[in-house]
Structures are given as C-alpha cells and as structure tokens.
There are 14 protein chains.
Amino acid sequence: MDSITIIGAISIIMSGFTIAIGSIGPAIGEANAVVQALKSIAQQPDEYNSISRTLFVGLAMIESTAIYCFVLSMILLYANPFWNALVG
Amino acid sequence: MDSITIIGAISIIMSGFTIAIGSIGPAIGEANAVVQALKSIAQQPDEYNSISRTLFVGLAMIESTAIYCFVLSMILLYANPFWNALVG
Amino acid sequence: MDSITIIGAISIIMSGFTIAIGSIGPAIGEANAVVQALKSIAQQPDEYNSISRTLFVGLAMIESTAIYCFVLSMILLYANPFWNALVG
Amino acid sequence: MDSITIIGAISIIMSGFTIAIGSIGPAIGEANAVVQALKSIAQQPDEYNSISRTLFVGLAMIESTAIYCFVLSMILLYANPFWNALVG
Amino acid sequence: MDSITIIGAISIIMSGFTIAIGSIGPAIGEANAVVQALKSIAQQPDEYNSISRTLFVGLAMIESTAIYCFVLSMILLYANPFWNALVG
Amino acid sequence: MDSITIIGAISIIMSGFTIAIGSIGPAIGEANAVVQALKSIAQQPDEYNSISRTLFVGLAMIESTAIYCFVLSMILLYANPFWNALVG
Amino acid sequence: MDSITIIGAISIIMSGFTIAIGSIGPAIGEANAVVQALKSIAQQPDEYNSISRTLFVGLAMIESTAIYCFVLSMILLYANPFWNALVG
Amino acid sequence: MDSITIIGAISIIMSGFTIAIGSIGPAIGEANAVVQALKSIAQQPDEYNSISRTLFVGLAMIESTAIYCFVLSMILLYANPFWNALVG
Amino acid sequence: MDSITIIGAISIIMSGFTIAIGSIGPAIGEANAVVQALKSIAQQPDEYNSISRTLFVGLAMIESTAIYCFVLSMILLYANPFWNALVG
Amino acid sequence: MDSITIIGAISIIMSGFTIAIGSIGPAIGEANAVVQALKSIAQQPDEYNSISRTLFVGLAMIESTAIYCFVLSMILLYANPFWNALVG
Amino acid sequence: MDSITIIGAISIIMSGFTIAIGSIGPAIGEANAVVQALKSIAQQPDEYNSISRTLFVGLAMIESTAIYCFVLSMILLYANPFWNALVG
Amino acid sequence: MDSITIIGAISIIMSGFTIAIGSIGPAIGEANAVVQALKSIAQQPDEYNSISRTLFVGLAMIESTAIYCFVLSMILLYANPFWNALVG
Amino acid sequence: MDSITIIGAISIIMSGFTIAIGSIGPAIGEANAVVQALKSIAQQPDEYNSISRTLFVGLAMIESTAIYCFVLSMILLYANPFWNALVG
Amino acid sequence: MDSITIIGAISIIMSGFTIAIGSIGPAIGEANAVVQALKSIAQQPDEYNSISRTLFVGLAMIESTAIYCFVLSMILLYANPFWNALVG
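Nothing here was measured: the structure is a model prediction, and the numbers come from that model. (Residues numbered from 1 in each chain as written. Chains lettered and ligands numbered in written order. Predicted model: local features only at pLDDT ≥ 70, side-chain atom pairs only at ≥ 80, totals over all residues. Heavy atoms only, no water.)

Chemist: Describe the overall build of chain A, and please don't skip the residues or the numbers.
Modeler: The secondary structure content of chain A amounts to four helices and zero strands. Against the 2.2 N^0.38 benchmark of 12 Å for 88 residues, chain A shows a C-alpha radius of gyration of 19 Å, more extended than a compact globule. For chain A, buried positions account for 62% of its 88 residues. The contacts of chain A with a sequence gap of at least 6 include a subset with a gap of at least 24, amounting to 80%. Carbon and sulfur atoms form 64% of the exposed surface of chain A, whose accessible area is close to 2,800 Å². (Helix = DSSP H or I, 4+ residues; strand = E, 2+ residues; numbered from the N terminus. Rg over C-alpha atoms; globule rule 2.2 N^0.38 Å. Buried < 20%, exposed > 50% of the residue type's maximum accessible area, 1.4 Å probe, protein only. Contact = heavy atoms within 4.5 Å. Areas by Shrake-Rupley, 256 points an atom, 1.4 Å probe, with all protein chains shown as cover.)

Structure (structure tokens):
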C-alpha cells in the first residue's frame, strides 16, 4: 500500500468512527434532558418558560460535543492537511 | 490488493458501521423521550400541547445525531472524495 | 483474493452486521415506548386517543433508525456502487 | 481459497450471526411489552381490549426488526447476488 | 484446507453459535413474561383467563425468534446450499 | 492438519460452547420464574394450583431453548453429517 | 502437531470451559431460588410444605442445565467419539 | 513443542481456569443465600430451624457446581486420560 | 511505510479517537447536570437564580474536559510538533 | 523454548491467575454476608448467637472456594505432576 | 521504522489516549457533584454559601485528576525527554 | 529469548497482575463491610461492641484473600521454584 | 528496534496509561464523597464542621491513590532507572 | 531484543499496570466508606467518635491493598531481583 492509500483509508475509517461513537453520548444525554423537561412540565406547568429556557441552554451545550465530532469528521474528509500535503 | 479495492472495501465497512453504531443512541434516546411524554400525558392531560411541543423539539435534536451518521454513510458510498481522487 | 471477491465478501459482511446491530436499539426502544403506552392506558383510560397518537409518532421516529440500517443493507446487496464500478 | 469458497463461507457466517444477534433485541423487547400488558390487565381489567390492541400493534412493530434480520439471513443463503454472479 | 473442509467447518461453527446466542434472548424474555404472569395471577386471580391467554400469545411471539435461530441452525447442518453446490 | 482432524476439532469446540453458552439463559430464566412462583405462593396460597400450572408451562417453554442447544450438541458429537461425509 | 495431539488438546480445553462456563448460570440461578424460598418461609411459615416442594422442583430444573454441561464434559474426556475414531 | 508438552501445558491451563472461573458463581451464589438466611432469621427468629434446613440444602446444591469444577480440575492434573495415553 | 506516512496516519487516528471518546463523558455529565437543574426548578422555582448560576459554573467545569480533548485533537491536525519536525 | 521452560512458564501464569481470579468472588461474597450480619445484629440484637453461627457456617462455605483456588495454585508451584514428569 | 518515528508515533498515541480516557472520570464525577449541589440548594436554600463552598473545593479536587492527565499529555507533545534524547 | 529470561519475565508479569487483580475484590468488599458497620452503629449505638467484633472477624476473612494474592506475588519474586531450578 | 527505543517507547506508554487509568477511580470516588457531603450539609447544617473535617480526611485518602499513579508516571518519564542504566 | 531489555521493559509495564489497576478498588472503596461516614454523622451526630474510629480502621484496611500494589510497583523499579540477577 502506498502512502496516499493509507492516509485515505485511515481518514475514511476515523471520520466514520468519530461521528458514530461521538453521537452516542449526546443522543442519550439530550434524551435525558428532554425526559426531565417533560417531567418537570407535567409537574409544574407554571414554570414552563424557565424550564424550556434552561432546557435549550442545556441542549445547546450537549449538542456542542456532537458538533465537535461532526466537524472533525468533515475536516478529515474534505480539509485533511495530511492528505493535502501528500497529494500536493 | 490495489488501492482502489482498499478504498472501496473500507468505505463499505465504515458506511455500514457508522449508521449501525450511530443508530443505537438515538433509538434508545428517542424511546426514552417518548416514554416520558406518554407518562406526562397520562399524569397531566391538560398540558398535552406544551408536552408534545417540547417532545417534538427534543426528538428533532436527538434525531439530528442519527442524521449526521446517515449523511456520512451516504457520503462514503456516493460522494467519497478519496474514491473519486483515485478513480479520477 | 482478487478485488471482486473482496468487495463482494465485505459487502455481505457489512449488510449483515448493519441490520443485526442496527435492530437492537430500535427493538428495545420501541418496546420501552409500548410498555409505557400500556402503562399509561391502564392508568388513564380516558386519554387513550392522545396516548396512542403520541405512541405512533414515537414509534415512527424510532423505526426510522431501523429503516436507515435496512436501506443501507439492501443498497450494499443490490445497488452497491463499488461492486458496479469493479464489475462494469 | 478460491473466490467461490470465500463468498460461500462468509455468507454462512453472516446469515448465522445476523439472525442470532438480531433476535436478542426483539426477544427481550417483546417480553417487556408482554410483561407490561400482563401487569396492566391485572391492574385495569376493564381496559382489556384497548390494552391488547396496543400490545399487538407494538409486537408487530418490534417483530418487524427480527423479520428484517431473518429476511436478510434467508437472502444470503438462497438469493445471494454475489454468489450468483460468481457461479454464473 | 480444501473448500469442502472450510465450508463444513464454518457450517458447524455457525450452527452452534446461532442457536447458542439465539437462545439467550428468548430464554430470559420468556422467563420475564412468565414471572409477570405469576405475579398478576397472585394479584388478580379472577383474570386468570385473560392473563394466561395474553401470556401464551406473548410466549409464542418470543419463542418465534428462538425458532428462527433453530431453523437456520438445522438448515446449515442438513440443507446447506453451499455444501450441496460444492459436493454436487 | 488434514480435513478429518479439523472437522473433528471444530465439532468438539462447538458442542462444548453450544451447551455452555446455551445453558446460561435458561438457568437464570428458570430461576427467575421459580423465584416469582415462590413469591406468589407466599403471597396468595389459595392460588397454588393455577400458579404451579403456569409455572410448569413456563419452565417447559424456557427449558426448550436449553434442549435445542443440547440436541445440537449431541448431533455434533454423534450424528455429525460433515464428519460422516468425510469419513464415508 | 499431529491429529491425536490436536484432538486431545481441544478435548481438554472444551471439557474445562464447558463445565466452568456452564456452572455460572445454575449457581447463581439456584442461589436466587433459595434466596426467595428463605424469604417466603420467613414471610409465610405455614406454607413451608408447598414452598419447599416448589423449590425442589425448581432446583432440579435449574440443576439440569449444569448436569448437561457436566455430562458433555465427561463425554469429552472418557467417551470422545473423535478420539476413539483416531486412536482406533 | 512435542505432543507431551502441549498436552501438559494445556492441562495446567485448563485446570487453573476451570476452578478459577467455576468458583465465581458459587461464591457469589452462596453468599446471596447466606445473606437472605441472616435476613430471615432477624425477621422471623422462630423459624430458625426450617430456615437453616432450607439454607443447608441450598448451599449443598450450589456448592455442587463448584465441586464439579474442582473434580474436573483434579482429573486434569492427576487422572488425565490423554496424558496417560501419550505417556503410556 | 515511510515515517511521514506513519506519523500522519497516527495523527489522524488519534485526533478522531480523542474527541470521540472524550465527548462521551462530558455529554452525559452535562445532561445529568441539566436534568437536575430542571428538576430543582420545578421543585423550588424561587431559587431559579442560584440554581442557574450553579448550573452554569458546573457546565463550564464539565465542558472544560471536552475542550481539552478538542484542543488536543486540533493540535494533532494543525500544530503537530512531530509532523513538523519530520517535514521540516 | 524447550519443554521445561514452557511447562514452568505456564505453571507460573496459571498459579497467579487462579488465585487472582478466584479471590474476587469469595471476597465480595464474604463481604455481602458480613454486611447482612451487621445489618441483622443492628436490627435484632437478641439473635446475636444464631446470626453469628449462621454467618460463620456461611463464611466457611464461601471461603472454601477460595481455598480450592489457593490449593491448586500451590500445587502448580510445588507439586506439579507435569513438571515432575519432565524433570524426572 | 526508525527510532525517531516510533517515539514520535507513540507519543502522539499516548497524549491522545491519556486525555481522552482521563476526561471520562472527572467529567462524570464533576457532574455528579454539581447534580447534588443543585439538589441541596433546592432543598435547603439557606445553606447556599456552605454548599457552594464545599462544591468548589470538591470540583477543584476532582478537576485536579483531569489536570494531571492534561499536563502529561502536553509534556508528551512538547517536553518529551525521550524525543529530546533521541533528537539531540 | 532464553529460558531464564522467559521465566523471569513471566514471573514479573504474574506477580504484578496477581496483586493488582487480587486487590480489587477485597478493597471493595472491605469497604462494603465498613459501610454497613458505620450504618449499623448510627442506627444501634448500643450494639457497638458486637458490631465491631463481627466487623473485625469479617475484615480478617476478606483480607485473607488479599493476603493469599500478596503471598503468591512475593513467592514469585523471591522464592520462585522454577527460577531456582533453572538458575541452579 | 534497539533497546533504547524500546525502553523509551514503553516508558511513554506506561506513564500515559498509569495516570489515565489511575485517575478514573479517584475522580469518581472523590465525587461520591463530595456528593454525600453536600447531601449531609443540606440535611444537618449544624454538623458542618465535623462533616467537612471528615470530608477532607477522606478526600486526602482517596487523592493519595491518584498521587501514587502520578508519582509513578513522573518517575517513568524523568527518573527511569532502566533508561538511565541503558543510557549510562 | 536481548534479555536485559526484555526484563526492563516488562518491569516498567507491570509497575505501571499494578499501581494503576490496583488504585481503582481502594479509591472507590474508600470513597464508599467516607460516604457512609458522612451519612452516619449527619444522622447520628452524637456517635461522631465511634463512627470516625471505625472509619479510620476501615480506611487503613482498605488502603493496605493499595499499599501492597504500590510496594510491588516500587520493588519492580528499584529492587527487582531478576534485573539484578541479569545485570550482576
């Protein structure tokens, strides 16, 4: 296997694994947050505003870790510095 | 094995694993959210509107991580930059 | 092993694993949703309509991740771009 | 090993694993649904009809993922496109 | 190793694993269903009929996944298409 | 290693693993069913008859998966079609 | 390694693993059954007879899976058909 | 490595693993039974006799699986049929 | 493989794994914190201010470990000292 | 590696693993028994005698599995039949 | 591979794994501490001062283990004694 | 590698693993016993004497399994019969 | 690979793993201690002094195991006796 | 690799693993003990003396297993009998 092939193959592998593994935590985490928000609304409907505001802040924080993984995954496919160095 | 075969084989492997692994988290997470929504409706039927609105926002957020994986999986099959570079 | 064999073998492996792994999450997730629906009906029979409506929306969302895996599995068997490129 | 043998061996392996792994989730999931149905009947016998209707819808949804795996398993044994292409 | 031996060996391996792995889920799932049936009978003896009817439907659904695995296991031993193709 | 040895060795391995793995699920599942039967008898002694009848049906269903594994294990040792084909 | 050695070595390995793995499930399962029997006796001493009768039936069922493993383990050591075929 | 060495080495390995793995289940299982016996005595001192009788029966059943493993372990060291056949 | 390729390949692998593994803990941790904040608001709406202040401090602490991983991941891609030493 | 070295090395490995793995179960099991004894004494001080008697019987049974492992471990070091056969 | 490459590659691998693995414990640990702080504030608002003081001491202690890992990770990249010894 | 090196290397490996693995069970087990002793003292201060006596007996029993591992670990380092046989 | 490289590479690997693995236990353990301290303060504010004193003693004990790992990790990097022996 | 390098490398590996693995159990165990001590103090402040005395005895017992591992780890680095025998 020449260098180009190795770098290409490994980039494909890692871009897949990064987003696949990286989506487990946020998916479950966001679900837990939504679960509790639904529970709190049913329990204290008057606090709907402060609950949903806190929920959205929390979802944004949690989603951010999924975004990190997706960004890295796209970088590996379309802006890979090692691939560019070898191809260039 | 020549380079084309390696890149092709690895793309198949990763497109499969990415969606397979990436569907576990969202499936269970969405289920948890739905479970709690059903529980909250049974407990507080009057809040059906705000509960289902929060539920749909949450499902959208959680489904997004499954979508990331599916997108990557399709990119690896049909818009793979490394495959195109080698074939081209 | 020549390229055709490798691509064929890996396509079989991944089509199997994708649907096998990808069916665990949805199966358990849907079960949880159904469980809670049954619990809510027993607890609040008057809300049967809104409960079953929410349940069906939820089952559809969860089933969608199983469908993604099944689609990919079928693509690998019958519309595999790498196999077609090598055979063609 | 020649190509025919490899494709045959891998088809056997995957048809076995697919149905074996793919039966764990549905078996446990259906059991959970049945468990809750039994619990709900004991708790609310008057709702026997709506409970068993929801149960059957749920079992059908969950069984569907086991069916996907069984279908793929049978395809690999008796309608395998790669085997046919090599033998043909 | 010649092709016959490989196909034979792999058929033995998979027929064993398929039924071994495939019996874990149903065994535990059926046990859970029986457990709940016993609990419900002790709690609501008057509903013995509808409970045992639901139980038997559920056990049949769950047992079906074990049957799928046993069927595949027997097919691999006694009606293996790849073995027949090679021997024939 | 010649073919006879391979088939023999693999038959021994699989007959052992099949019954070993296949006995975990039923053993724990039957135990759970017995546990609940004992609990229900202590709670509702008058229902001893319907409880023990349901228990025996359940144990039979669960034991059936252990039997499948034991049967396959014995087939591999004493009625192995691949061994017979090679020896014959 | 000649065939005799391989068959002998694998027979030793599997006879050990079979009984070792196969004793985990029954040991824990029987313990659970005994635990519940003790709990039920303390709770309902008058039902000592029906409890211990059910317990012994249950222990016999659970022990049976351990017996299957022990039998196979002894067969592999002292009545191994493959060893006999090779030595004979 | 000659045959004697292989058989000897594998016998040592399996005699160790068999008793090591085989002692986990019984140790924990017996502990659970003892735990419950202590709990029942504190709760119902008058039933000390029937509790300890049931406990000893249960401990004997559970210990039996540890004994199976110990017996096999000793057989492998001091009455190993394969070793005797090779040495003889 | 020459040195450049090895260092490049390993940098890609580690940058992916670091952010993927490193995002699991924070995602779940932040979710737990948000869950409890939502629970506390529903329970004690008057303390909304001190609750959300403590929440944001906590989220910042937890996010910091995700940031460490993301920083390392970017360093490996764009400011890798070993790559620079080899290329220079 | 000659036979003596192999047998010696494997004896060391197994004597270590046997006691290491074999001490996990008893240590945790005995701890559980002691925990419950302490709980029962605090709850029913008058039954101190029958509790501690049952505890000591139980600890002896549980410790016996650790002793089996320690005995085997010492046998492998100082009374190893295979080592003696090779050295003799 | 020459020595420089090996040391470089291993330094990259370990710097990534160290911070990735090392961030799991602190992230979850800090989250637990924050969770309980939020719970305690909702329960005892008057103790806000002593609660947040104890929380910050605890977060500092827990974060310290993440810092150890981050420090080691940076040392491996930028102050690696073995790399310097080889390059020098 | 000559025999001396192999035996030395394996002795180091096993002495480390034995005490490392062997300390997990006792550490957690003793902690559980201490936890319960503290709980019982807070609940029943008058039984401080019988509680601490039972605790010390229990800690001695549990510590004994750690001691077995430490003894074996020291034997492997300083009184290793196989090392002595080879060196002598 | 020459000896210097091996010792260097292994020292890097182990210094990373030691602190990474060694930080999981303390991080979670300290978090549990802090969690309980916060719970106890909210429950019994008057005992703030004895609670925080016990907490700090406990955190010191737990942190000590993290320190052991960090010390070993630094020793391997900067005071490694084997490296010094080889370099000297 | 010559003998010196092997023994040195393995000593480094094991000294790291021993303390790393060996610190998990004690860290979590001590944390549990501290947790319960804090709980007991909040619940029964008058028993502060007997609680903290029992706690310190328990922490000493638990810490002892960490000490065993640390001692072995230091022995492997600075008083390694096999290294001395080879170097001498």
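Chemist: Which residues make up the interface of chain E and chain F, and what are the values?
Modeler: Taken residue by residue, the interface counts 44 residues in chain E and 41 residues in chain F. Both faces considered, chain E and chain F share a buried interface measuring about 3,600 Å² in area, 79% of it formed by carbon and sulfur atoms. Viewed at the interface, chain F and chain E are joined by zero salt bridges. For the side of chain E that touches chain F, the secondary structure elements donating two or more residues are helix H1 (3-22), helix H2 (24-43) and helix H3 (48-78) of chain E. Ranked by the residues each element gives to the side of chain E that touches chain F, the list is headed by H2 of chain E, at 14 residues. Residue composition of the side of chain E that touches chain F, grouped by class: 32 nonpolar, eight polar and four charged. (Buried area = accessible area lost by both parts, 1.4 Å probe. Salt bridge = Lys/Arg side-chain N within 4 Å of Asp/Glu carboxyl O. Nonpolar A, V, L, I, M, F, W, Y, C, P; charged D, E, K, R; others polar.)

Chemist: Which residues make up the interface of chain I and chain A, and what values go with them?
Modeler: Contact with chain I, which involves 44 residues of that partner, is made by 42 residues of chain A. Roughly 3,600 Å² of surface becomes buried between chain I and chain A when both sides are summed, with 80% attributable to carbon and sulfur atoms. Contact with chain A buries surface across chain I, with Ile12, Leu38 and Ala42 of chain I losing the most and accounting together for 17% of the total. Counting across the interface, chain I meets chain A through zero salt bridges. At the junction of chain I with chain A, the criterion picks out seven residue pairs in polar contact (both at pLDDT 80 or more). Counting only elements with at least two residues in the side of chain I that touches chain A, the list comes to helix H1 (3-22), helix H2 (24-43) and helix H3 (48-78) of chain I. (Polar contact = N/O pair within 3.5 Å; in protein donor to acceptor, adjacent residues only side chain to side chain.)

Chemist: Just give me the short version of H3 of chain E, but keep the residues and values in it.
Modeler: Between its terminal C-alpha atoms H3 of chain E stretches 42 Å, which fits the 45 Å expected from 31 residues at 1.5 Å a residue. The largest bend along H3 of chain E measures about 25 degrees and falls at Ser64 of chain E. (Expected span 1.5 Å × (residues − 1). Bend = angle between axes of the 7 residues up to and from the residue.)

Chemist: So, the relation of the copies chain E and chain F: which residues are in play, and what are the values?
Modeler: Taken as rigid bodies, chain E and chain F are interconverted by a rotation of 26 degrees and an axial shift of 0.0 Å, the fit giving an RMSD of 0.0 Å. When the interface residues of chain E are mapped onto chain F, a mere 14% of them again lie at the interface, so each copy presents a different face. (Least-squares fit on C-alpha atoms with pLDDT ≥ 70 in both.)

Chemist: I'd like a description of the side chain of Glu30 of chain H, backed by residues and values.
Modeler: Secondary-structure assignment places Glu30 of chain H in helix H2 (residues 24-43). At 18 Å, Lys39 of chain H is the nearest oppositely charged side chain to Glu30 of chain H, a buried residue that forms no salt bridge. Non-local contacts of Glu30 of chain H, meaning those with residues more than four positions away in its chain, are made with Leu59, Ile62 and Glu63 of chain H together with Met61 and Ile62 of chain J. (Lys, Arg positive; Asp, Glu negative; His and termini not counted.)

Chemist: How would you explain the side chain of Thr54 of chain C if you had to name every residue and give the values?
Modeler: Position of Thr54 of chain C among the secondary structure elements: in helix H3 (residues 48-78). For Thr54 of chain C, a relative accessible area of 6% translates into the label buried. Here Thr54 of chain C is in contact with Val34, Ala37, Leu38, Ile41, Tyr48 and Leu55 of chain B, once residues within four sequence places are set aside.

Chemist: Can you break down the arrangement of the chains residue by residue, with the values?
Modeler: Separated throughout, chain D and chain F approach each other most closely at a C-alpha pair spaced 11 Å apart. Looking at chain H next to chain K, you find no contact at all, with the nearest C-alpha pair sitting 28 Å apart.

Chemist: Can you lay out the confidence of the model for chain A for me, pointing to particular residues and giving the numbers?
Modeler: Residues at a pLDDT of 70 or more form 99% of chain A, whose mean pLDDT is 89. Confidence, expressed as mean pLDDT per element, reaches its minimum in chain A at helix H4 (residues 81-87) of chain A with 87 and its maximum at helix H2 (residues 24-43) of chain A with 91. (pLDDT = per-residue confidence, 0-100.)

Chemist: I'd love a proper account of H1 of chain E, names of residues and values included.
Modeler: The terminal C-alpha atoms of H1 of chain E lie 28 Å apart, and with 20 residues this matches the ideal 28 Å at 1.5 Å per residue to within 8%. Most of H1 of chain E sits inside the fold, with 16 of its 20 residues counted as buried.

Chemist: Talk me through the packing of helix H3 (residues 48-78) of chain F against helix H3 (residues 48-78) of chain G; I want residue IDs and the actual numbers.
Modeler: Across the interface, H3 of chain F lies against H3 of chain G with an axial gap of 12 Å and an inter-helix angle of 0 degrees. With respect to their mutual orientation, H3 of chain F and H3 of chain G come out roughly parallel. Of the residues in H3 of chain G, those touching H3 of chain F at Tyr48, Leu55, Phe56, Leu59, Glu63, Ala66, Ile67, Phe70, Ser73, Met74, Leu77 and Tyr78 of chain F are Ser50, Arg53, Thr54, Val57, Met61, Ser64, Thr65, Tyr68, Leu72, Ile75 and Leu76 of chain G. Split by residue class, the contact of H3 of chain F with H3 of chain G holds 16 nonpolar, five polar and two charged. (Axes fitted to C-alpha atoms, helices over the stretch in contact; angles between N-to-C directions. Parallel < 35°, antiparallel > 145°, perpendicular 65-115°, else oblique.)

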